[in-house]
Amino acid sequence: MSSPAVSLPRRSRSSLATRLRIAGGILVSVIFLFPIYWMILTSFKDQVDIFTTPPKFFFTPTLAAYVEYMKRADIVNRLVNTIIVAAGAGLLSIVVGTMAGYALARVRLRGAATFGVVILLSRGVPPIALAVPMFLVARKLGLIDKHITLILAYSTFLIPYVMWLMRSFFMSLPRELEESAMIDGCSRYGAFFKIIVPISLPGLLSTLIFSMILAWEELLFALVLTSRHASTIPVAIAGIAGDTVNGANWAALTAVGTITVIPVVVFALLVQKWLIKGLAEGATKG
Amino acid sequence: MSTDTEKATGQTSPLRRRGRTTDLMVRWSFMFPAILLLVTMLAYPIFYTIDISFSRFDIATFGAAEWVGWDNYREVMSDYRFWESLRVTMIYLVIALPLQVVLGFAIAYLINVEWAGRGVIRALFIIPMVVAPVVAGGMWRMILDPLWGIMNYWLGFIGVGPMDWFGDPTLAMAAIIIIDTWRWTPFIVLIATAALLALPKDVFEAARIDGANWWSTLWSVAVPLLVPVIAATFVIRWLGAVKMFDIVLAATYGGPGKATNVINLFIYEEAFRSLRFAESAAMAVIVLVLTMVLTGLFLRASRKLEELF
């Protein structure tokens, strides 16, 4: 990190205050990370080690929960579905959203600005207001429990998200880039695909990954629009957590939860620099 | 009026008219896929919801039957469960949103000290932010379990408890707010960290030279500079929080009784468990209008705040 910290207000503060802040920061991050650590730890316990007081931090680890619930809760099939849907929705939204974001940022179109405001407002639409009609229409068209239905449903919140992020990204690029390309005989498409897209690649990639994460985690549409064949992991977790008949099945909950969380965390940390930048820009320029 | 291309190339060719039409089509083609998808998947469903909300829902054909005017709205408005659910949602929003924004900026300040581990700490805050909300709900349900949960075990050390987190209505709401705050504060921390880093340093230097103390620097220099970001963060968080569903579903399922039955869960239950689609549609439209009005007000207020400072 090369950028200097803004210290409020004395930079020549005593080193004790600085040390206290560092200690406080570490403590807060430990508090925030503990629940995840505890979930992962619990997923490697057997029943006896889970239901015991005091809670156990050291025990003989077992993979029993993973082995059992991979089969029982149909997790492999759900994992495949979640990957298909997340990748499909992410790719569709990044292509469509990036082009629209470029149009909003650079291509002067009459009425496009209004459309941009409408898109921004659409982020306030409660998903339940979409879930009811989507369910009814999908049922009529025989599209319930199909991957494509979920992919299209997810595009309703992913496209606005991508559009908005990429719009502010494109606005930060110098205008001369495409202008000189178009003077050199490039078409508008040529300028976009040969000049703009390549230099935006890191930003595009992180936006794609974050879109896929949002799709990976989605619950409401998945609950409503799928039943058996195309159902995703979050639906399984909701089922396990809400299973009041069999009581708390913490082994299943933590094992499936860990499977859900690990890949996402890995991807998010891979693109963390871009992710933070995108978040900051989304908030300050949105 | 010349088009973009003409400006760029400075040419006025004899094929100008044709070229202009083609160019217009090319330019709109960037926008077209998004418009098409959002009209079919976003605008059309909203109009369909409005249509159902004014109709009798026929379970046999599974579609809207005859027009019944405001009947569904009247029925929903006289349903005490709907009001109760709105009240619960409001309590959640009124407590959780300010809590998360304040906590987020406070933590951002805390972790913004210049030292070797700063980048690592900041990266670690991404982790809770990408845990699926439904997983967060389930995971915390285990941690807060009255009998075996590690939270009550630890609270026992300081002489608190045992707390019946999911049996007591107030504690259940507290649990929901704790889980939601755990899941969303890191998001605000990351935005706030970037905002703090972007603050102009010379202003603080000047305040220091003028002998301003920590507190007055915070209130008369830092906060006014941060107002636009704080307002934007609040609006973004608000847009997410009104969609509250996953965490409640996994952690309490609206219970005990209806103590945490937020509006989205209530509408979901009414539609997909009780199959009362017309009433659900009416509720969804009411919530949609409420959300839009409040979002508009917040955007307005944040613009006013920006002018003020």
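Let me begin by describing the structure that accompanies this report. (Residues numbered from 1 in each chain as written. Chains lettered and ligands numbered in written order. Predicted model: local features only at pLDDT ≥ 70, side-chain atom pairs only at ≥ 80, totals over all residues.)

## As for the nonpolar core
Now for step 1: Ile237(A) and Val256(A) are the most contacted members of the largest nonpolar core, which has 169 residues in total.
Now for step 2: Three or more residues apiece are contributed to this core by two domains, here domain 1 (4-69) and domain 2 (74-308) of chain B. (Core = buried A, V, L, I, M, F, W, Y, C linked by C-beta atoms within 7 Å. Buried ≥ 20, exposed ≤ 12 C-beta atoms within 10 Å, placed from the backbone. Domains from an automatic or database assignment.)

## So, the pairing of strand E1 (residues 55-58) of chain B
All names here are of chain B.
Now for step 1: Here 3 bridges tie E1 to strand E2 (residues 63-67), and the two strands are oriented antiparallel to one another. Bridge assignment links Asp 58 to a residue of E2, and that residue is Gly 63.
Now for step 2: Turn length for the E1-E2 hairpin, with the two strands adjacent in sequence and antiparallel, is 4 residues, and the turn residue Phe 62 shows positive phi of about 55°. (Pairing = 2+ DSSP bridges. Helix = DSSP H or I, 4+ residues; strand = E, 2+ residues; numbered from the N terminus.)

## Concerning unusual backbone geometry
All names here are of chain B.
Now for step 1: A positive phi angle is found at Tyr 253, which is not glycine, with a value near 50°.
Now for step 2: Summarising the element assignment, Tyr 253 is placed in the loop between helix H13 (246-251) and helix H14 (263-272).
Now for step 3: With phi around 55°, Leu 275 is a residue other than glycine that occupies positive phi space.
Now for step 4: Positionally, Leu 275 belongs in the loop between H14 and helix H15 (277-308).

## Notes on helix H9 (residues 188-199) of chain A
Residues and elements named next belong to chain A.
Now for step 1: Compared with the 16 Å implied by 1.5 Å per residue over 12 residues, the 16 Å span of H9 between its first and last C-alpha is a close match.
Now for step 2: Along H9, the positions that sit buried rather than exposed are Arg 188, Ala 191, Phe 192 and Ile 196. The buried side chains of H9 occupy one side of the element, clustering within an arc of 95° when seen end-on. In H9, the exposed positions angled more than 90 degrees off the buried face are occupied by Tyr 189, Phe 193 and Pro 198. (Expected span 1.5 Å × (residues − 1). Arc of directions from axis to C-beta.)

## Regarding the interface of chain B and chain A
Now for step 1: Chain B puts 99 residues into the contact, and the matching count from chain A is 92 residues.
Now for step 2: When the residues that make up the side of chain B that touches chain A are grouped by side-chain class, the tally is 75 nonpolar, 14 polar and 10 charged. (Contact = placed C-beta atoms within 7 Å. Nonpolar A, V, L, I, M, F, W, Y, C, P; charged D, E, K, R; others polar.)

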